[in-house]
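# Residue-level structure breakdown
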Amino acid sequence: MKEITNIYKAFKANEGMQKMALATVVFVEGSSYRRIGARMLVFEDGNWIGGVSGGCLEGDALKKAKRAILNQYPSIITYDTREEDDYQIGVGLGCNGLIKVMFVPIVSGMVFHPIEVLNTSISSREITFLYHIIQSSHKDILGRVYDQSSKDQLVNDTSKLGFDILGKLSQNYSPKSTRLRFQNDTDALDILVESIKPTVKLILMGHNKDIIGMCQCAIQLGWCISVFGRLSKMPKEVFQLTNNVFEYEDLSPNDFDAYTAFVLMTHDLDRDVLILKKLDNSKLKYIGIMGPKTRFDKLIEKLIVNDSSLNIQNLKDSYAPIGLDIGAVLPEEIHISIAAEIIAVFNERVGTSLRERIGPINE
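Below: a short report on this structure. Keep in mind the model is a prediction, meaning the values are calculated, not measured.

### Comments concerning the overall build of the chain
Looking only at helices and strands, the chain features 11 helices and 14 strands. For the chain, the spread of C-alpha atoms along the principal axes amounts to about 70 × 45 × 45 Å. For the chain, the proportion of its 363 residues judged to be buried stands at 47%. Residue pairs in contact within the chain that sit at least 24 positions apart in sequence constitute 57% of those at least 6 positions apart.

As structure tokens, this is what we get:
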């Protein structure tokens, strides 16, 4: 989501001043540094923002994007790092993957503008589905991107070409991207259903100095941040990092959604009791609590004494002590371990070393 936001801002800043092309990874087989949905916005002056790989393919992608700008026609380029072919871009990298990248020239007033469509996902707090036409012999539809609000138009546009796609589009798709193929007597149509998760919303509770570093770490990740604490004691740097700074009492369950991570850094046991009572039955996916295991045990005991009606099991599942076990000592290391644990939880991973993983890194 951070990449999408940066691309949209760069597009708006250069709109009407430079020609552009958007490169999007639309297919991956085997290993690759970036996955489906990785993007790179290229300007005619040779600058770009985003990326489709770890840097190994960007040089050639820049050339292909410039060609798309010149020809004003979308195209798909295949990079196959599995082949020992001296003429294949990416040979010798050892990545053992096949990556297909779509290059779409950005034209003012174009139908279903791919970057404007992307913008619909930036503020959404639910999974957004985008529908990319990644294969078609009809140049007027190739490269188009539809969102959920324009699905009916997608059905109409493809039905004119002899494809009945309504049945498959009516299915409930998982958060993973899906490629749909349709075939008739004369043509083939491929649609990439891309799912985009909302950015993580991080709620930090506390007003001590360690809040600053956690805010800085979250900003680097492009997360939305809200800080609750005593405003009179809040470090001034926090106000410089985010405008979303509130008193403890302003916290409301309305601040939570399915992509909210909640982190207690108050260093105040009694304060944590009051806060956790507000989280009863909140169904937050991540509640992290700073402090050792013995402190957490005392916290649970206090909660039981304070209010026996609380759903203690829900709170017992909190991530306490907070963070992954990486031996973090310095504040910066602790913040990284917390952020990594949040990423793992929302991606349904356990946070172990990749060398312990059986199967591909990315499903």
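### Things to note about the packing of aromatic side chains
Tallied over the full model, the rule gives 5 aromatic pairs. Look at Tyr-8 and Phe-11: their rings are 6.3 Å apart centre to centre, the planes differ by 50 degrees, and that puts the pair in the tilted class. Within this pair, Tyr-8 and its partner Phe-11 are both found in helix α1 (residues 2–14), separated by 3 residues, close to a single helical turn. Among the residues examined, Phe-11 registers a relative accessible area of 2% and is labelled buried. Centroid distance Phe-256 to Phe-262: 5.7 Å. Interplanar angle 90 degrees. Geometry classified as edge-to-face. Each member of the pair, Phe-256 as well as Phe-262, carries the same accessibility label: buried. We note Lys-100 situated over the ring of Phe-27; from NZ or CZ to the ring centre the distance is 5.4 Å.

### Thoughts on the sheet that holds strand β11 (residues 224–229)
With parallel pairing, the 5 strands of this open sheet are ordered in space as β12-β11-β10-β13-β14. Bordering the open sheet on either side are β12 (245–247) and β14 (286–289), each of which pairs with just one other strand. The mean inter-strand angle of the sheet, taken between neighbouring strand axes irrespective of direction, is 20 degrees. Packed on one face of the sheet, helix α8 (residues 269–278) meets β10 (201–205), β13 (260–264) and β14 and runs near 160 degrees to β13.

### Re helix α6 (residues 210–220)
Most of α6 is tucked away, with 8 of its 11 residues classed as buried. Those residues of α6 that fall on the buried side of the exposure criterion are Asp-210, Ile-211, Ile-212, Gly-213, Met-214, Cys-215, Cys-217 and Ala-218. At the exit of α6 stands Gly-222, carrying a positive phi of roughly 80 degrees.

### Some thoughts on the packing of α1 against helix α3 (residues 114–122)
Their axes nearest at 10 Å, the elements α1 and α3 cross at an angle of 135 degrees. Judged by the inter-axis angle, α1 sits oblique to α3. Like other packed secondary-structure pairs, α1 and α3 cross with a definite hand, here left-handed. Contacts between α1 and α3 pair Ile-4, Thr-5, Tyr-8, Phe-11 and Lys-12 from the former with Ile-115, Glu-116, Leu-118, Asn-119, Ser-121 and Ile-122 from the latter. Each residue belonging to the contact of α1 with α3 can be placed in one class, and the counts come to 6 nonpolar, 3 polar and 2 charged.

### Some words on the packing of α6 against helix α11 (residues 331–346)
At a minimum axis distance of 9 Å, the contact between α6 and α11 shows a crossing angle of 50 degrees. Judged on the interaxial angle alone, α11 and α6 are oblique. Pair α6 / α11 crosses with right-handed handedness. Seen from α6, the contacting residues are Asp-210, Gly-213, Met-214 and Cys-217; seen from α11, they are His-335, Ile-336, Ile-338 and Ala-339. Its residues placed into classes, the contact of α6 with α11 shows 5 nonpolar, 2 polar and 1 charged.

### Remarks on the pattern of salt bridges
On inspection of all chains with the given rule, the structure shows 16 salt bridges. Here Glu-249 and Arg-230 are joined by a salt bridge, their closest N and O atoms 2.7 Å apart. With Glu-249 in the loop between β12 and β13 and Arg-230 in the loop between β11 and α7 (236–241), this residue pair connects regions lying 19 residues apart in the sequence. Where Glu-348 meets Lys-285, a salt bridge forms, and the shortest distance between an N and an O atom there is 3.8 Å. Of this pair, Glu-348 sits in the segment after α11 while Lys-285 sits in the loop between α8 and β14, and the two are 63 residues apart along the sequence. A relative accessible area of 36% means that Lys-285 is categorised as partly exposed. One continuous salt-bridge network, built from bridges that share partners, spans Arg-230, Glu-247, Glu-249 and Arg-271.

### Topic: the sheet that holds strand β6 (residues 128–135)
Sheets are built from strands paired through backbone hydrogen bonds, the pairs being either parallel or antiparallel. Strand order across the open sheet formed by 4 strands is β7-β6-β9-β8, with antiparallel pairing between neighbours. With one partner strand each, in any of the chains shown, β7 (145–146) and β8 (178–183) form the two edges of the open sheet. Relative to strand β9 (residues 188–196), β8 is paired through 6 bridges, and the arrangement is antiparallel. Paired with Arg-181 across the bridge in β9 is Asp-190.

Cut-offs used in this document
- Residues numbered from 1 in each chain as written.
- Predicted model: local features only at pLDDT ≥ 70, side-chain atom pairs only at ≥ 80, totals over all residues.
- Heavy atoms only, no water.
- Helix = DSSP H or I, 4+ residues; strand = E, 2+ residues; numbered from the N terminus.
- Buried < 20%, exposed > 50% of the residue type's maximum accessible area, 1.4 Å probe, protein only.
- Contact = heavy atoms within 4.5 Å.
- Phe/Tyr/Trp six-rings, centres within 6.5 Å; stacked < 30°, edge-to-face > 60°.
- Lys NZ or Arg CZ within 6 Å of the ring centre and 35° of its normal.
- Pairing = 2+ DSSP bridges.
- Axes fitted to C-alpha atoms, helices over the stretch in contact; angles between N-to-C directions.
- Parallel < 35°, antiparallel > 145°, perpendicular 65-115°, else oblique.
- Left-handed = near helix turned anticlockwise from the far one by under 90°.
- Nonpolar A, V, L, I, M, F, W, Y, C, P; charged D, E, K, R; others polar.
- Salt bridge = Lys/Arg side-chain N within 4 Å of Asp/Glu carboxyl O.

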